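# Notes for the structure review
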Amino acid sequence: MSATEPPAAPKEWRGRFFEDFDVGDVFRSRLGRTISETDNTWFTNLTLNTNQVHFNAPYAEATRFGQILVNSCFTLSLVAGLTVPDTSENAVANLGWTDIRLPKPVFVGDTLWAESEIVELRPSESRPTVGIVSMRCRGINQRGEVVIEYLRTFMVLRRSAPEARSSFPATDTPWGVG
């Protein structure tokens, strides 16, 4: 492998464990996600948010946004979800979300990606099988605009944790094809 080639993908991906992080690591979501009107309406209804800017088109058109605004809690949830494959598939608990900023609005039809940077790592003082990861995250739309930023801290398994073992079921059955 040359210095310009990215490392090969692992043959078995089980997510990152505490030992896999270094302060300064930056992760960018592999996928972007386009927000539909259904996403926004369902999320708004599920959370009983009655602010009409999220579901009443004539009302929203009369606001400074001129159109329905995507529920900011949906934006937070979507961007957080986009970070999971790179950072917290092996998390056991969220410990905090702080400094949430929403510098640009999000509208139906926008596509978001997530970017995360590890800012602090420390072993857990009370649980030897986990470590504490702090990162800053942001959501970026298709125009390259930052639409949300926040700090997140979570507890993540160490590779030696009993819960870290593979849960794929073993089988002695031979292949029946090819």
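On a predicted model such as this, the values are computed, not experimentally measured, just so you know. (Residues numbered from 1 in each chain as written. Predicted model: local features only at pLDDT ≥ 70, side-chain atom pairs only at ≥ 80, totals over all residues. Heavy atoms only, no water.)

## Focus: the nonpolar core
Membership of the largest hydrophobic core comes to 24 residues, with the highest contact counts inside it found for I35, L112, V133 and Y150. Taken together, the elements giving at least two residues each to this core come down to α3 (72-87), β4 (111-123), β5 (130-141) and β6 (146-157). No other element matches α3, which puts six residues into this core. If we ignore the near neighbours within four places in the chain, the residues touching I35 are V70, F74, L78, V106, V108, G109, D110 and L112. Listed in part, the seven residues of the second largest apolar core include V130, I132, A161 and A164. (Core = buried A, V, L, I, M, F, W, Y, C linked by side-chain atoms within 4.5 Å. Buried < 20%, exposed > 50% of the residue type's maximum accessible area, 1.4 Å probe, protein only. Helix = DSSP H or I, 4+ residues; strand = E, 2+ residues; numbered from the N terminus. Contact = heavy atoms within 4.5 Å.)

## Some remarks on the environment of R33
Here R33 is to be found in strand β2 (residues 33-34). Through-space distance from the C-alpha of R33 to that of G139 is 11 Å; in sequence the pair is 106 residues apart. Not counting residues up to four positions away in its chain, the partners in contact with R33 are D39, L78, L82, D110, T111 and L112. Side chain to side chain, R33 and D39 meet in a polar contact 2.7 Å long. (Polar contact = N/O pair within 3.5 Å; in protein donor to acceptor, adjacent residues only side chain to side chain.)

## Let's talk about the environment of G81
Relative to the assigned elements, G81 resides in helix α3. Among the residues examined, G81 registers a relative accessible area of 38% and is labelled partly exposed. In sequence terms G81 and F18 are 63 residues apart; their C-alpha atoms lie 19 Å from each other.

## Quick look at the layout of surface pockets
Of the pockets and cavities examined, the largest pocket occupies roughly 520 Å³. P10, W13, R16, R30 and D86 are, among the 15 residues lining the largest pocket, the residues nearest its centre. Residue composition of the lining of the largest pocket, grouped by class: nine nonpolar, two polar and four charged. (1 Å grid on protein atoms, 1.4 Å probe; cavity = no way out; pocket = protein on both sides within 12 Å on 5 of 7 lines; lining within 4 Å. Points joined across faces, edges and corners; volume = space filled by probe spheres on them. Nonpolar A, V, L, I, M, F, W, Y, C, P; charged D, E, K, R; others polar.)

## Concerning helix α1 (residues 37-46)
Here α1 has its buried residues at D39, N40, F43 and T44. All buried residues of α1 project into a common sector of 120° when viewed along the axis, lining one side. Relative to its buried face, α1 has exposed residues pointing more than 90 degrees away, namely E37, W42 and L46. Residues of α1 that are buried sit in contact with β2 and α3. L48 sits one or two positions beyond α1 and adopts a positive phi of about 55°. (Arc of directions from axis to C-beta.)

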